[in-house]
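Descriptive structure summary
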Amino acid sequence: MNTSLSKKPPMSRDKILTLCAAVIGLVLLFVFEELFDRFTMQIFKLCAINIILALSLNLINGFTGLFSLGHAGFMAVGAYTCAILTMSPEQKEINFVLVPIAPWLANVHLPFVPALLIGGLFAGLIGWILGVISLRLRDDYLAIATLGFSEIIRVLLTNAQSVTNGALGLKGLPRFTTMWWAWGSAILITLFLVLLIKSSYGRAFKSIRDNEIAAESMGIDVFGMKVLSFAISSFLAGIAGGLLAHYLTTIDPKQFIFLKTFDILLIVVLGGVGSITGSVVAAIVVTISMEALRFLDGPLNLGFMTTSGIPGLRMVFFSALLMVVVIYRQQGLMGKAEFSWDALSKIGLLPRRGSAAEKGGK
Amino acid sequence: MGSLLQTIEVNKKFGGLAAVTTLNMDVQDGEIVGLIGPNGAGKTTSFNLITGVYTPTSGSIQFQGQEIIGMKPHAITRLGVARTFQNIRLFKEMSVLDNILVAQHMRMGTNVLEATLRLPSYIKKERHIHERARALLEEVGLSRHEQDRATSLPYGKQRRLEIARALATEPKLLFLDEPAAGMNPQESVELMDFILKIRDQFNLTIVLIEHHMQVVMGVCKRMYVLDYGVTIAHGTPEEIQNDPKVIEAYLGVG
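Nothing here was measured: the structure is a model prediction, and the numbers come from that model.

Of the regular secondary structure elements, chain B holds 10 helices and 10 strands. For chain B, whose C-alpha radius of gyration is 19 Å, the value lies close to the compact-globule estimate of 18 Å for 254 residues. Over its C-alpha atoms, taken along the principal directions, chain B stretches across nearly 65 × 40 × 35 Å. With 254 residues in all, chain B has 43% of them scored as buried. Partitioning the contacts of chain B with sequence separation of at least 6, the portion at a separation of at least 24 is 66%.

A word on the overall build of chain A. A tally of helices and strands in chain A yields 18 helices and zero strands. The C-alpha radius of gyration of chain A comes to 22 Å, within 12% of the 21 Å expected for a compact globule of 362 residues. Its C-alpha atoms give chain A principal-axis dimensions of about 75 × 60 × 45 Å. With 362 residues in all, chain A has 42% of them scored as buried. Nonlocal contacts in chain A, meaning residues at least 24 apart in sequence, comprise 80% of its contacts between residues at least 6 apart.

Attention shifts here to the interface of chain A and chain B. The partner chain B presents 28 residues to the 23 residues of chain A that form the contact. The set of elements that each furnish at least two residues to the side of chain A that touches chain B consists of helix 10 (179–198), helix 11 (200–210), helix 12 (212–217) and helix 13 (222–248) of chain A. It is helix 11 of chain A that contributes the most residues to the side of chain A that touches chain B, seven residues altogether. Residues belonging to the side of chain A that touches chain B are distributed by class as follows: 11 nonpolar, six polar and six charged.

This brings us to the nonpolar core. All names here are of chain A. Ranked by internal contacts, the top residues of the largest apolar core, which has 151 residues, are I49, I52, A54, A83 and A240. Counting residues per element, this core draws most heavily on helix 13, which supplies 15 residues. Apart from the residues within four sequence positions on either side, A240 is in contact with I49, I52, L53, S56, M75 and G78.

With that settled, the discussion passes to the pairing of strand 8 (residues 205–209) of chain B. All names here are of chain B. Counting buried residues along strand 8, five of its five residues qualify, which places the element largely inside the surrounding structure. Burial along strand 8 is two-sided: the face carrying T205, V207 and I209 and the face carrying I206 and L208 are both buried. Pairing of strand 3 (residues 32–36) with strand 8, which is carried by four bridges, proceeds in the parallel orientation. Paired with G34 across the bridge in strand 8 is L208. Pairing analysis gives five bridges linking strand 7 (residues 173–177) to strand 8, with the strands arranged parallel. Its bridge partner lying in strand 8, F175 is registered against V207. Between the parallel elements strand 7 and strand 8, the chain passes through helix 7 (residues 185–201) in a crossover that is right-handed.

It is worth spelling out the pairing of strand 2 (residues 17–28) of chain B at this point. Residue and element names in this part refer to chain B. Bridge analysis of strand 1 (residues 3–14) against strand 2 gives eight bridges, and the strand direction is antiparallel. Note that in strand 2 the partner of L5 across the bridge is V27. Linking strand 1 to strand 2, which pair antiparallel, is a turn of two residues; within it G15 sits at a positive phi near 60°.

Quick look at helix 7 of chain B now. Along its 17 residues, helix 7 of chain B runs 24 Å from first to last C-alpha, staying within 8% of the 24 Å computed at 1.5 Å per residue. At the C-terminal side of helix 7 of chain B, N203(B) shows a positive phi close to 55°.

Before going further, it helps to spend a moment on the packing of helix 4 (residues 71–86) of chain A against helix 14 (residues 258–271) of chain A. Geometry of a packed helix pair, given as the angle between the helix axes and the separation of the axes. All names here are of chain A. Helix 14 packs onto helix 4 with a crossing angle of 110° between their chain directions and a minimal axis gap of 7 Å. The angle between helix 4 and helix 14 places the two elements in the roughly perpendicular class. Taken together, the residues of helix 14 that come into contact with helix 4 (itself represented by H71, A72 and M75) are F258, K260, T261 and I264. The residue makeup of the contact of helix 4 with helix 14, split by class, is four nonpolar, two polar and one charged.

Residues and elements named next belong to chain B. Despite not being glycine, T22 has its phi angle at roughly 35°, a positive value. Here the phi dihedral of E170 falls at roughly 55°; this positive angle occurs in a residue that is not glycine. Tracing the chain through its elements places E170 in the loop between helix 6 (155–168) and strand 7.

Once that is clear, we can look at the environment of V230(B). All names here are of chain B. Inspection of the secondary structure assignment puts V230 in strand 10 (residues 230–235). A residue is classified by how many C-beta atoms lie within 10 Å of it, and V230, with 17 of them, is partly exposed. With 180 residues separating them in the primary sequence, V230 and I50 have C-alpha atoms 16 Å apart.

Along the polypeptide, D140(A) turns up in helix 8 (residues 139–159). Linking D140(A) and F67(A), residues 73 residues apart in sequence, is a C-alpha distance of 7.1 Å.

Taken residue by residue, chain B gives an average pLDDT of 89. The fraction at 70 or more is 99%. Two numbers describe this predicted complex: its pTM, 0.88, and its ipTM, 0.90.

This next bit is on the packing of helix 3 (residues 38–63) of chain A against helix 13 of chain A. Residue and element names in this part refer to chain A. It is at 8 Å that the axes of helix 3 and helix 13 come closest, and there the two elements cross at 165°. Compared by their axis directions, helix 3 and helix 13 come out roughly antiparallel. Crossing of helix 3 against helix 13: the hand is left-handed. Residues K45, I49, I52, L53, L55, S56, L57, L59 and I60 of helix 3 form the contact with helix 13, whose own contacting residues are S229, F230, I232, S233, L236, A237, I239, A240, L243, L244 and Y247. Looking at the contact of helix 3 with helix 13 residue by residue, the class counts come to 16 nonpolar, three polar and one charged.

What counts as what
Each residue is numbered by its place in its chain's sequence as written, counting from 1. As they are written, the chains are lettered A onward and the ligands numbered 1 onward, keeping that order. For this predicted model, a pLDDT threshold of at least 70 governs which residues receive local features, and a threshold of 80 or more governs which side-chain atom pairs are given and counted, while totals over whole chains, interfaces and linings are taken from all residues. Per the convention used, a helix needs a DSSP run of H or I reaching at least four residues, while a strand needs a run of E reaching at least two, with both numbered from the N terminus. Computation of the radius of gyration draws on C-alpha atoms alone. For the globule rule, the value is 2.2 Å times the number of residues to the power 0.38. In this scheme the burial state of a residue depends on its C-beta neighbours within 10 Å: 20 or more other such atoms mean buried, 12 or fewer mean exposed, and anything in between means partly exposed; the C-beta positions come from the backbone. Distance between backbone-placed C-beta atoms decides contact: two residues are in contact if it is within 7 Å. Amino acids outside the nonpolar list (Ala, Val, Leu, Ile, Met, Phe, Trp, Tyr, Cys, Pro) and the charged list (Asp, Glu, Lys, Arg) are all regarded as polar, and Gly is one of them. Here, a nonpolar core denotes buried Ala, Val, Leu, Ile, Met, Phe, Trp, Tyr and Cys residues that are linked to one another through C-beta atoms within 7 Å. Two strands pair if DSSP finds at least two bridges between them. A crossover counts as right-handed when, viewed with the strands pointing away from the observer, the path leading from the first strand over the helix to the second turns clockwise. Here a helix's expected span is defined as the number of its residues, less one, multiplied by 1.5 Å. The axes are straight lines fitted to the C-alpha atoms, using for helices just the contacting stretch, and the angles between their N-to-C directions are given from 0 to 180°. For classification purposes, an angle smaller than 35 degrees is called roughly parallel, one larger than 145 roughly antiparallel, one from 65 to 115 roughly perpendicular, and anything else oblique. Here pLDDT means the predictor's own confidence in every residue, given as a number from 0 to 100. By convention the crossing between two helices is left-handed if the near helix lies anticlockwise of the far one by an angle smaller than a right angle, and right-handed if it lies clockwise.

Here you go:
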């Protein structure tokens, strides 16, 4: 074993490690599903959805360098599209009590996967259109414009009663988002983004982030690239929205106010703007802490006094954390670095490549 | 030997300020042309007009007989016009190699699906641009720094990287904006040799802005002198050196 490993090119160690990690990951998913109660599994699934959201926001904010705050809107488009397509005609009739549903939608009934994809594509299309309009702007102006668009989408959803059931929302959606769907999508999308970022297009995105004028002068169609990045990001946000809808089984426009965007932005900033690894890790940590810190919202025994429970106190914790990060570690957890087996060897968690053969790899 | 680039009566006004007035440049195939003038004379503005960063207020710019006014900078680059910047504009968070690879994206002719799915056709193209990028880095003596962050290089090497990056777009016409800025005399001499070398090796036509007279006079057969946006003289280095208007612009009236 030892000798055969040392004769292969250095890539093979990484491949073996990656394969091992993938197998361990799959086994863990199995074990978790068997082991944990339903509530824990719900949080575990939410981690996966938040990974997708954070990654998609990181694609525009971190890799293409466009400060966009419209993510909640694209999620909403994906969530509503997917939900309306998967609801059975009977369910629709029960839901639409104030204003009957538009006749052309009443009998549409699709399985989960096509509905999810259509939801994503529709969100991507909206993202593309809004991108063409708003990506002429830069920096803060772009942030304000996208924030505005996101709110416009929400207001439209509230008022298009015959399509979205307005403020009443949609209830009783089938619980399609199983752990396999949530984590399967998250893993696929992570893989997709890693490949995209490593490709020539990823380099083009990063060149726009680093120096727009130089990128344009080097033959990069800056505007086209920005729109492409924006549309892909919206597509992924739409997919996450669809997954979220069938995870919560009930959606209404209020869930998609701009604060939702900031929740995702928090993950991206904590993880590192421009790091896929950072977004994945931060999404998991933040999602779990959001639940773990729930006790802060309830009555607290401080030793000398007992508070009567302050709802929202745990968000104060995240605000404080964000402030600390912005002041002391602006690059976030990972900065722009990515996970690699080599990086692990460098910090001593794995034997170095040269010595890997002696110690028999891992 | 036709003219590669022609600017005809090009004007650029920023509000009330005439940055460039009736610029008439004619650059022949294979030439090295200098563009000189005191600070604020409109040299960089002229570059920006030709490369599409600014749109002229009036006039016509023709590259290989084709009107390029109104075209976006990336489209002009595609035609074969590349440039470097006065204040170096590298992709600062990216490696030296990636800086060169970005410049080849346009010529790869790939699409986002092919690239993301790493189809065999894409891998072939990727391998090809890697080879080319490495050859270019070899050419400018930066092979050792391939994986370094672009902005971690010393100043002179950043300048060379910028030139290599411009060459990676496969230009016919190369604009160099003060390539010798910040270089010591020894480096300037090396730069002159380097400019002549790449001209021959890549069949380039070069237009350069330079304050360093030794460099300009050394490599340029012909030059234009701008002052307050107006072309006050053009001709061979000898003619320019003895032109009273040029002396006046540079040294003031005696």
